[in-house]
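Understanding the architecture of this molecule
Spelled out from the first residue to the last, the chains are:
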Amino acid sequence: MGRNLRTTYHFDMDPPMIARASIHSVPFYCGICAILALCSLYGFVYLIDDALPTPLMVNDERSNPGAFIAERAIWTLKNLTDMGPRITGSHINEYLAVEYLKSQINLIIEQANESQMLKLDVQLVSGAYYLDAHASGAINSYHDVQNVIVKLHGRDVTQHSILVNSHFDSVPTSPGGSDDGINVAAMLEILRVLSTSSSKPSNNVIFLFNGAEETPLQAAHGFITQHKWAKHCKAVINLEAAGAGGKIILFQTGPETPWLTKYYAMVPYPYGQVAGEEIFQSGIIPSDTDFRIFRDFGGLVGLDMAFFKNGYRYHTKYDDFSHIPHGSYQHVGANALSLVKNLADAPELSQSAPGKAVYFDIFTWFLVSYTNSAGVIINVAIVVLSVGVFVYSIRSIHFGLTKSTCKYIGLVLGATILSWLVAGTSVLIIALVLDLAAKTMSWYGNPWLIFGLYVVPTLALSGCLLFFTNHENLSLNIRCQIQAHAVRLIWTVILFSMVCFNVRSAYALMVPVLFNSLGFVVIYCCRWQYTVTKWRLAYLHTSRRFHNESGDIVDSDAGYFFLNLDRNSPGVLTNYVKELSEAQSVAKRCDQYIMCGLPLGHAKMMEIMQYSTWIPSAQPNLAVPMEFSFEKEILTSTKIRYNLTISGPDRFTLYLAPKESVTVTNLSLVDEVKPSAATFKHRPVYFVLYQRGKGGNNFSFTLDVEVPGNWNGTAMDIAVTCRYVHEDTMNRTPEFKTFLSQFPEWADLTAWVAAYYTYII
Ligand SMILES: [Zn+2]
C-alpha cells in the first residue's frame, strides 16, 4: 500500500531543490516505525515504572546487615490498619495508636546498641494558626493533639537535628494504609536499624510520629512551634501519600537548597521529578503537607516525598493494607534510611547555599541533578542548536527565499497551526457532547477510555487536515524535510502527518475512527464511569436551629446535606435514590445563612459550597449535644469582649460575621486575626476550625470587637457547627441508614451527622 509522492508536485520548484528533495524524502514505513518505536518506549517506561524493589524478609537480615527489613514494617502496618480509621479525637487514635507506637518504640530502645542514646517523648499540645487554603483561609485551632517523638542522639556538639515526619492519624473514611501508615511503619524500622548500629550519626535524628495531620496539619504545627527539640531541627524528610502503593516519589525540595538533591541521588531507588515541585508550589493542587508547616513556621529545609500511585484510592477505604505491594515498603524504607543516614552526617546542615536544583531520575536507575543556572544554560543551548539545525536544513536543500517557497513555508506553518486548533476544538466538542449526554468524566473509572475518547479523534482530525491540505496544496517532501529537521516539540503532528501523507489509504484513518466510535457505543451501553473507581460522596445529616437576638429558637429544621464534589452529582444517582429528585439547591439560601447554612469542615469547601443540595428529613440523633454559651463584657464605650464556650463532639467550625461598622480586633486563639475569603451580606466572615485530640475540655476563647460609640445593639451573626465523624460520637438514625442503603455499590459514602446553630450576639 502507499504510493510514493516524490513525483507529485503541485507547484513549480527550483530544479536543485527537486533533486535534493528526493534524497531526503522519507519512505512511508518510517512514520509507522517511528510510532511503533515510541509506543514501545512508552511500554518500557511503563514496565520500569511498575517494577518495585525486592522486599527483604527477617531471614535476609544476616546477609544484609544494617539494611531496611520490609517484613517488620509490613507487620507494623497490619497492626495499625487492623485498628480501623485512626481519627484525631477518637479513642482509636488517641489511645490505641499512641499506646501501640509507644510500646514498639520502647522495645526498640530496649534492644538498642549500648553506644546509642534514645529518648521518647509524647507531646500533648494545643495551639492555633491561620491556615491559608488556596483563596479561602481559616483560623485552625487545636486542643491536646498528640505527637510521639523519639530522639536518636548524634555525636557532634553542634546539636543540629534531622527531622523525619509521618502521621499516624487517618481520615475518617480510610484505614490509612498508604496515607500515612506505611510511612509510620517504615520510620519505626528505620529507627530500629539506626539504633542497633554501633556508630552514631554526627547530628541528632528526630522521629516525629504526629497524630493530627488530616485536621489539617495541626500536630506538626504543635511540634515545630512548641516542642523543646524543635529549635535544633534544620532539615526535614517528610513522608506522605496521596495515593496507595507504588513507589514513593520525591516531589518537593527546598527552599533554596540545591545540595539536598546530592544526598537524594545516593538513595538506592531514586524516583523524583522537579516538575512535581513546580506544579505543587504553583498552588494548582489544592493540597498541602506538613512540609509547609515545618518550612513556614520552623524555617526548615528538606525533602517532601509521597506515594502518588492509584490516586483514586486516596482517602477511601481502599487505601488499606491489602492494596500495598511488599516492594513499596522496601522502596520507601531503603530510600528514607539512606537519606536519614547521609543527611545526619551532612556538613551543609550548618551552612546556607542559595539556589534551586533541577532533578529527575532516569528510569529510576539514577538521579540527574544540576543547579537551576546550569539548567538555564542547557535550555538556551538547545534552543540555539534547534534554530541552527533548522537553518542548516533549509540551506542544505537550497531552499531559496523566492515567492513560491515563502508560500510553501506559510502554508506548512498555517496547516500545522490549524491542525492544532482543530485538535483542540475537537477535544472541547467531545467534552461538551459527553457533558450534554450526562456522561461527564466517563473516563474517570476507566482511564484508558481517554485514548478512544480524546486521543484518537484529536490525532485523526489534525492528521486528516494535514492530509487534505497536502493533497491540495503542499509538497510532501518539503514538508517532511522542514518538519523532520526542525521542530522536535511537535513530533506527534509530524509523525501522524508522515503516515497520512505516505499511506494514501483510508485504512490508516478508518481504523482509529472506527475504534473510537466503538468506544462511544460501549460508554453509552454501560454505566461505567464509577464502577472501577469508587465515587466519593459526602452526606451530612444535619440538625439546624436558628436563634434570634434574645436567644430564643425562631426556627429549626433537619435534612441531608449533599456536598456535590463533582459535575455529575447528584443527577447520576436519582435512579437509585428517590429522595434525590427532591434535592434543593442551597445557592438561594446563601444570603440568608452564613456559608449557605452548611456545616463545612474545611476552608477549601467554601469554593464549592453554593453547589450543595439539601433534602429535608427528620431530626438526626446527636449523641453528644452541642451547646453554646457566651458572656458579654463592655470594656469601653467602643469595645466589647465576648467570652464564648462551646461543648459537644471533638470537631467544630465557627463562622463569625461582624455587623456593618463592627470590627474584630482580637481573637484569643491567634496573634493576628484574619477573615476568610467568604462573605455574608457583603460582610467579612471569620472561619474558625477547632479540633480536640485527647482532652475532654470545652472549646473556649475570647473575642474583642470595636463598635461605634454608644452602641447598644448586637455586634455579630455567628453560626456554630459541629460534626460527628467517628463511632465514639456518631449515631446514625434508622431513617438515615435506610437512605444510605439505597446507594449503588460503586458509591463510596462519607455519611456523617452534624449540627448548625445560628446566634446573634
Ligand atoms: Zn497524609
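Note that the coordinates shown come from a computational prediction; the quantities given were computed from them, not determined experimentally. (Residues numbered from 1 in each chain as written. Predicted model: local features only at pLDDT ≥ 70, side-chain atom pairs only at ≥ 80, totals over all residues. Heavy atoms only, no water.)

**Description of the coordination of the zinc ion**
Protein coordination at the zinc ion comes from His167 (NE2), Asp179 (OD), Glu240 (OE) and Glu240 (OE), with a distance range of 1.9 to 2.6 Å. Classification of the site at the zinc ion rests on its 4 donor atoms, whose angles at the metal span 53 to 144°, yielding the label irregular. Each donor residue of the zinc ion lies on one chain, and together they are spaced H-x11-D-x60-E. Of this pair, His167 sits in strand E3 (residues 161-167) while Glu240 sits in strand E5 (residues 233-241), placing them 73 residues apart in sequence. For the pair formed by His167 and Glu240, the shared burial category is buried. (Donors = N, O, S within 2.8 Å, 3.2 Å for Na, K, Ca; no water. Tetrahedral: all angles 85-135°; square planar, octahedral: opposite > 155°, others 65-115°. Helix = DSSP H or I, 4+ residues; strand = E, 2+ residues; numbered from the N terminus. Buried < 20%, exposed > 50% of the residue type's maximum accessible area, 1.4 Å probe, protein only.)

**Considering the pairing of strand E23 (residues 747-760)**
Where burial is concerned, most of E23 is hidden: 13 out of the 14 residues are buried. Examined bridge by bridge, strand E22 (residues 716-724) and E23 share 8 bridges and lie antiparallel to one another. Looking across to E23, one finds that Arg723 is bridged to Ala754. (Pairing = 2+ DSSP bridges.)

**Details of the sheet that holds strand E15 (residues 639-647)**
Taken in spatial order, the 4 strands make up an open sheet running E14-E15-E21-E17, and their pairing is antiparallel. For this open sheet the edge positions go to strand E14 (627-636) and strand E17 (663-667), each flanked by a neighbour on one side alone. Adjacent strand axes in the sheet meet at a mean angle of 25°, parallel and antiparallel pairs treated alike. Both E15 and strand E21 (residues 699-706) contribute to a ladder of 8 bridges, which runs antiparallel. (Axes fitted to C-alpha atoms, helices over the stretch in contact; angles between N-to-C directions.)

**So, the nonpolar core**
By size, the foremost hydrophobic cluster in this structure holds 69 residues, and its most contacted members are Met595, Leu703 and Val705. When residues of this core are assigned to their parent elements, the largest contribution, 7 residues, is made by E23. Dropping the residues within four chain positions of it, Met595 is found in contact with Leu600, Met606, Met609, Tyr655, Ser676, Ala678, Val685 and Phe687. If you look at the next biggest cluster of nonpolar residues, it comprises 66 residues, including Leu152, Val164, Val205 and Val274. (Core = buried A, V, L, I, M, F, W, Y, C linked by side-chain atoms within 4.5 Å. Contact = heavy atoms within 4.5 Å.)

**A look at the state of the cysteines**
Scanning the entire structure with this criterion turns up 1 disulfide. A sulfur-sulfur distance of 2.0 Å marks the disulfide that ties Cys590 to Cys596. Taking the sign of the S-S torsion, 100° for the link of Cys590 and Cys596, the bridge is right-handed. Judged on exposure class, the residue Cys590 and its partner Cys596 are both buried. (Disulfide = S-S within 2.5 Å.)

**Brief notes about the packing of helix H3 (residues 70-82) against helix H10 (residues 326-344)**
Relative orientation of the contacting elements H3 and H10 amounts to 110°, with a least axis distance of 9 Å. Between H3 and H10, the angle falls in the class roughly perpendicular. Like other packed secondary-structure pairs, H3 and H10 cross with a definite hand, here right-handed. Touching Ala70, Ala73, Ile74 and Leu77 of H3 are His326, Tyr329 and Gln330, all from H10. The residue makeup of the contact of H3 with H10, split by class, is 5 nonpolar, 2 polar and no charged. (Parallel < 35°, antiparallel > 145°, perpendicular 65-115°, else oblique. Left-handed = near helix turned anticlockwise from the far one by under 90°. Nonpolar A, V, L, I, M, F, W, Y, C, P; charged D, E, K, R; others polar.)

**Things to note about the side chain of Gln218**
Take Gln218: it is sitting in helix H6 (residues 218-226). By relative accessible area, Gln218 is classed as buried at 0%. Within the structure, the side chain of Gln218 is placed 2.8 Å from the side chain of Thr215, a separation counted as a polar contact. Contacts of Gln218, omitting those with residues within four sequence positions, involve Asn140, Ser141, Tyr142, Val145, Ala212 and Gln691. (Polar contact = N/O pair within 3.5 Å; in protein donor to acceptor, adjacent residues only side chain to side chain.)

**Here's the deal with empty space enclosed by the protein**
Considering all chains together, one arrives at 1 cavity of 30 Å³ or more under this definition. There is about 80 Å³ of room inside the largest cavity. Lining the largest cavity, in full, are Arg544, Phe561, Gln584, Ser585, Val586, Lys588, Arg589, Tyr593, Cys596 and Trp614. (1 Å grid on protein atoms, 1.4 Å probe; cavity = no way out; pocket = protein on both sides within 12 Å on 5 of 7 lines; lining within 4 Å. Points joined across faces, edges and corners; volume = space filled by probe spheres on them.)

**With respect to the pairing of strand E8 (residues 357-362)**
Sheet topology places E8 next to strand E9 (residues 366-371); 6 bridges connect them, and they run antiparallel. When the bridges of E9 are listed, Ala357 appears paired with Thr371. Connecting E8 to the next strand, E9, in antiparallel fashion are 3 residues, including Phe363 with a positive phi near 50°.

**Some words on the packing of H3 against helix H5 (residues 177-196)**
As a packed pair, H3 and H5 sit with axes 8 Å apart at the nearest point and diverge in direction by 135°. With respect to their mutual orientation, H3 and H5 come out oblique. Judged by the sense of rotation from one axis to the other, the crossing of H3 with H5 is right-handed. When H3 is examined against H5, the residues Arg72, Ala73, Thr76, Leu77, Leu80 and Thr81 are found in contact with a partner set consisting of Gly177, Gly181, Ile182, Val184, Ala185, Ala186, Leu188, Glu189 and Arg192. Split by residue class, the contact of H3 with H5 holds 8 nonpolar, 4 polar and 3 charged.

**Notes on the pattern of salt bridges**
Evaluation of the coordinates by the stated rule reveals 16 salt bridges. The closest approach of N and O atoms between Asp82 and Lys78, which form a salt bridge, is 3.0 Å. Of this pair, Asp82 and Lys78 both sit in helix H3, 4 residues apart, roughly one helical turn. Of the charged contacts, one joins Arg292 and Asp288 as a salt bridge, the two residues approaching to 2.4 Å between their closest N and O atoms. (Salt bridge = Lys/Arg side-chain N within 4 Å of Asp/Glu carboxyl O.)

**Regarding helix H17 (residues 734-741)**
Within the sequence span of H17, burial applies to Phe736, Phe739 and Leu740. Seen end-on, H17 carries its buried residues on one side only, within an arc spanning 95°. Those residues of H17 that are exposed and aimed more than 90 degrees away from the buried face are Pro734 and Ser741. (Arc of directions from axis to C-beta.)

**Digging into helix H8 (residues 274-282)**
Considered for burial, the residues of H8 that qualify are Val274, Glu277 and Phe280. Buried residues of H8 fall within an arc of 115° about the axis and therefore sit on the same side. Buried residues along H8 sit against strand E6 (248-254) and E8. Once H8 ends, the next one or two residues include Gly283, with phi positive near 90°.

**Overview of the confidence of the model for the protein chain**
Residues of the protein chain with pLDDT of at least 70 account for 82%, and the chain-wide mean is 82. Low pLDDT (under 50) marks residues 1-24, which in the prediction has 46 contacts with non-local residues, meaning those over four places away or in another chain. Counted against residues more than four places away or in other chains, residues 471-513, with its pLDDT under 50, gives 103 contacts. (pLDDT = per-residue confidence, 0-100.)

**A few points about the packing of aromatic side chains**
Applying the stated criterion to the full structure yields 26 aromatic pairs. Note on Tyr129 and Phe297: the rings are 5.4 Å apart at their centroids and 75° apart in plane angle, and the pair reads as edge-to-face. In this pair, Tyr129 sits in strand E1 (residues 118-131) while Phe297 sits in helix H9 (residues 290-298), placing the two residues 168 residues apart along the sequence. Owing to a relative accessible area of 3%, Tyr129 belongs among the buried residues under this scheme. A ring pair is formed by Tyr560 and Phe739, whose centres lie 4.2 Å apart and whose planes are at 15°; its orientation type is stacked. With Tyr560 in strand E11 (residues 553-563) and Phe739 in helix H17, the pair connects residues that are 179 residues apart, well separated along the chain. Like Tyr560, the residue Phe739 is buried in the burial classification. Aromatic rings pair up to connect Tyr539, Tyr560, Phe562, Phe736, Phe739 and Phe743 into one cluster. Sitting over the face of the ring of Phe321, Lys78 holds its NZ or CZ atom 5.8 Å from the ring centroid. In this arrangement the basic side chain of Arg544 is found over the ring face of Trp614, its NZ or CZ atom lying 4.0 Å from the centre. (Phe/Tyr/Trp six-rings, centres within 6.5 Å; stacked < 30°, edge-to-face > 60°. Lys NZ or Arg CZ within 6 Å of the ring centre and 35° of its normal.)

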